[in-house]
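Reading the structure
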Amino acid sequence: MNEYINNLITQWKDFLIFEKKLSINTVLSYVSDIEIFFKFISEYTDEEINKDFLQSLPITTFRAFMSERYNKDISFISTRREISSIKSFYDFLNKTQNIKNSSLDLVKCPKVPKRLAKHAELTEIQKILNTFEITIEPYWCALRDKALFTLIYACGLRISEALSLNYEDINEQNRISETIRIIGKGNKTRIIPVLPIAYKEIDEYTKTAPFEFKNDTPIFIGEKGSRLTARVAQRDLEATRKYLSLPDYITPHTFRHSFATHLLENGQDLKTIQELLGHSSLSTTQIYTKIDNSVFIREYDKYHPNNKKH
């Protein structure tokens, strides 16, 4: 890099620190991204880097930079950050040096591809549920964790949904219908069937816990008597997973993924799974379940209201 660019980068760095009040680590990351970009530019072209050059840099050059990062197996997330840093640098140049490059407005950051959620095998889930009594103390907390994750897997709940339940949600009146009322994201309500095993594990836990359960009492309680937090539940699951040497992708949300995937593998239709999970669209359900596109398209066509065959 020539002295002209070095001076601009120094000015930008000072601007980020003293005007934008960004942390040193953030600023250093931005500067590193810009230095990577101009190192590429110096190798990509023999032209002198000056004001006119910065203003006339074509979109093909920016795309060549992105392509080069891709060929070097740089992650999509890192490349997105680098493009963001370049745009921030040019914003600074526009404000302070009257340097504007309209081509940069056309540069789109690469989208981070969505990964299908991983699920646990049924044998892995059973091992975890049967091992809490070994890894978690006191004993009633082990029964609590077993009841919690049994309910999450049995009903496909988010951990936040399970932890928000009160004892009245599983009282005798509600048990007659063998369903449970869940308030999910956006305060959307859904009614979900509850398997007898979930009630059984909850009863075992509540009989053993050193607390009195009333209608407005949380079902799942921490050692100090307040509502159990997601972090404690995650910590207990992590300890049990490590004890069993199971994959580190197994989290509370994995139990929800597994609920959906196992239902699909056993013949349940995608539309029903969508309703049980509380998703607004089938495409979201596809992400939560490890299914191929042919299954997804077939089920989507089957249930789409505009499909004349339905």
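For the structure, see preceding data.
Model, not experiment: these values are computed from the prediction. (Residues numbered from 1 in each chain as written. Predicted model: local features only at pLDDT ≥ 70, side-chain atom pairs only at ≥ 80, totals over all residues. Heavy atoms only, no water.)

1. Details of the overall build of the protein
- In terms of regular secondary structure, the protein is built from 16 helices and two strands.
- Within the protein, buried positions represent 43% of all 310 residues. (Helix = DSSP H or I, 4+ residues; strand = E, 2+ residues; numbered from the N terminus. Buried < 20%, exposed > 50% of the residue type's maximum accessible area, 1.4 Å probe, protein only.)

2. Remarks on the nonpolar core
- Residues Leu-148, Phe-149, Tyr-205, Phe-220 and Phe-255 are the most contacted members of the largest nonpolar core, which totals 50 residues.
- At the level of secondary structure, the elements contributing two or more residues to this core comprise helix H6 (122-129), helix H8 (139-155), helix H9 (159-163), strand S1 (179-183), helix H11 (196-208), helix H12 (230-243), helix H13 (252-265) and helix H14 (270-277).
- Examining the composition of this core, we find that twelve residues originate from one element, H8, more than from any other.
- Setting aside chain neighbours within four positions, we find Leu-148 in contact with Ala-162, Leu-163, Phe-220, Leu-228 and Ala-233. (Core = buried A, V, L, I, M, F, W, Y, C linked by side-chain atoms within 4.5 Å. Contact = heavy atoms within 4.5 Å.)

3. Observations regarding the pairing of S1
- Side chains of S1 alternate between two faces, with Ile-180 and Ile-182 buried and Thr-179, Arg-181 and Ile-183 left unburied.
- Bridge analysis of S1 against strand S2 (residues 189-193) gives five bridges, and the strand direction is antiparallel. The residue of S2 that forms the bridge with Ile-180 is Ile-192.
- Hairpin connection, S1 to S2: the antiparallel pair is bridged by five residues, and Gly-186 has positive phi, about 70°. (Pairing = 2+ DSSP bridges.)

4. Focus: helix H5 (residues 76-96)
- Between its terminal C-alpha atoms H5 stretches 30 Å, which fits the 30 Å expected from 21 residues at 1.5 Å a residue.
- Those residues of H5 that sit buried are Thr-79, Glu-82, Ile-83, Ser-85, Ile-86, Phe-89, Tyr-90, Phe-92 and Leu-93.
- Structurally, H5 contributes buried residues whose contacts are with helix H1 (3-19), helix H2 (24-44), helix H3 (51-56) and helix H4 (59-71).
- Count one or two residues on from H5 and you reach Asn-98, which has phi positive near 60°. (Expected span 1.5 Å × (residues − 1).)

5. Focus: the pattern of salt bridges
- Enumeration over the complete set of coordinates arrives at 13 salt bridges.
- A salt bridge links Arg-144 to Asp-145; the nearest nitrogen and oxygen atoms lie 3.1 Å apart.
- With relative accessibility at 2%, the residue Arg-144 sits in the buried group.
- Judged by relative accessible area, Asp-145 falls into the buried class, the value being 0%. (Salt bridge = Lys/Arg side-chain N within 4 Å of Asp/Glu carboxyl O.)

6. Considerations on the environment of Lys-72
- As for its position among the elements, Lys-72 is in the loop between H4 and H5.
- For Lys-72, a relative accessible area of 52% puts it in the exposed group.
- Looking at Lys-72, its side chain comes within polar contact range of the side chain of Glu-68, at 2.9 Å. (Polar contact = N/O pair within 3.5 Å; in protein donor to acceptor, adjacent residues only side chain to side chain.)

7. Brief notes about the packing of aromatic side chains
- All told, the structure shown has 18 aromatic pairs when counted by the stated rule.
- Centroid distance Phe-40 to Tyr-44: 5.1 Å. Interplanar angle 25°. Geometry classified as stacked. With Phe-40 and Tyr-44 both in helix H2 and four residues apart, the pair spans about one turn of that helix.
- Look at Phe-40 and you get buried, because its relative accessible area is 8%.
- With a relative accessible area of 43%, Tyr-44 lands in the partly exposed category.
- By the ring-pair criterion, three or more aromatic residues cluster together here, those being Trp-12, Tyr-30, Phe-37, Phe-38, Phe-40, Tyr-44, Phe-62, Phe-65, Phe-89 and Tyr-90. (Phe/Tyr/Trp six-rings, centres within 6.5 Å; stacked < 30°, edge-to-face > 60°.)

8. As for H8
- Helix length check: H8 (17 residues) gives 24 Å between terminal C-alpha atoms against 24 Å at 1.5 Å per residue, within 8%.
- Backbone geometry just after H8 places Gly-156 at a positive phi near 70°.

9. With respect to the side chain of Thr-206
- Relative to the assigned elements, Thr-206 resides in helix H11.
- Those residues in contact with Thr-206 that sit more than four places away from it in its chain are Tyr-167 and Phe-213.

10. Description of the packing of H1 against H2
- Contact geometry of H1 with H2 gives a least axis separation of 10 Å together with a crossing angle of 160°. One way to sum up the angle between H1 and H2 is to call them roughly antiparallel. Crossing hand, H1 versus H2: right-handed. The segment H1 lies against H2, with Ile-5, Ile-9, Trp-12, Lys-13, Leu-16 and Ile-17 engaging Ile-24, Val-27, Leu-28, Tyr-30, Val-31, Ile-34, Glu-35 and Phe-38.
- Here the residues of the contact of H1 with H2 are counted per class, giving twelve nonpolar, no polar and two charged. (Axes fitted to C-alpha atoms, helices over the stretch in contact; angles between N-to-C directions. Parallel < 35°, antiparallel > 145°, perpendicular 65-115°, else oblique. Left-handed = near helix turned anticlockwise from the far one by under 90°. Nonpolar A, V, L, I, M, F, W, Y, C, P; charged D, E, K, R; others polar.)

11. Looking at the packing of H6 against H8
- Between H6 and H8, the shortest axis-to-axis distance is 10 Å and the interhelical angle comes to 155°. For the element pair H6 / H8, the angle class is roughly antiparallel. Between H6 and H8, the residues in contact are Leu-122, Ile-125 and Leu-129 and Lys-146, Phe-149, Thr-150 and Tyr-153, respectively.
- For the contact of H6 with H8, a count of residues per class yields five nonpolar, one polar and one charged.

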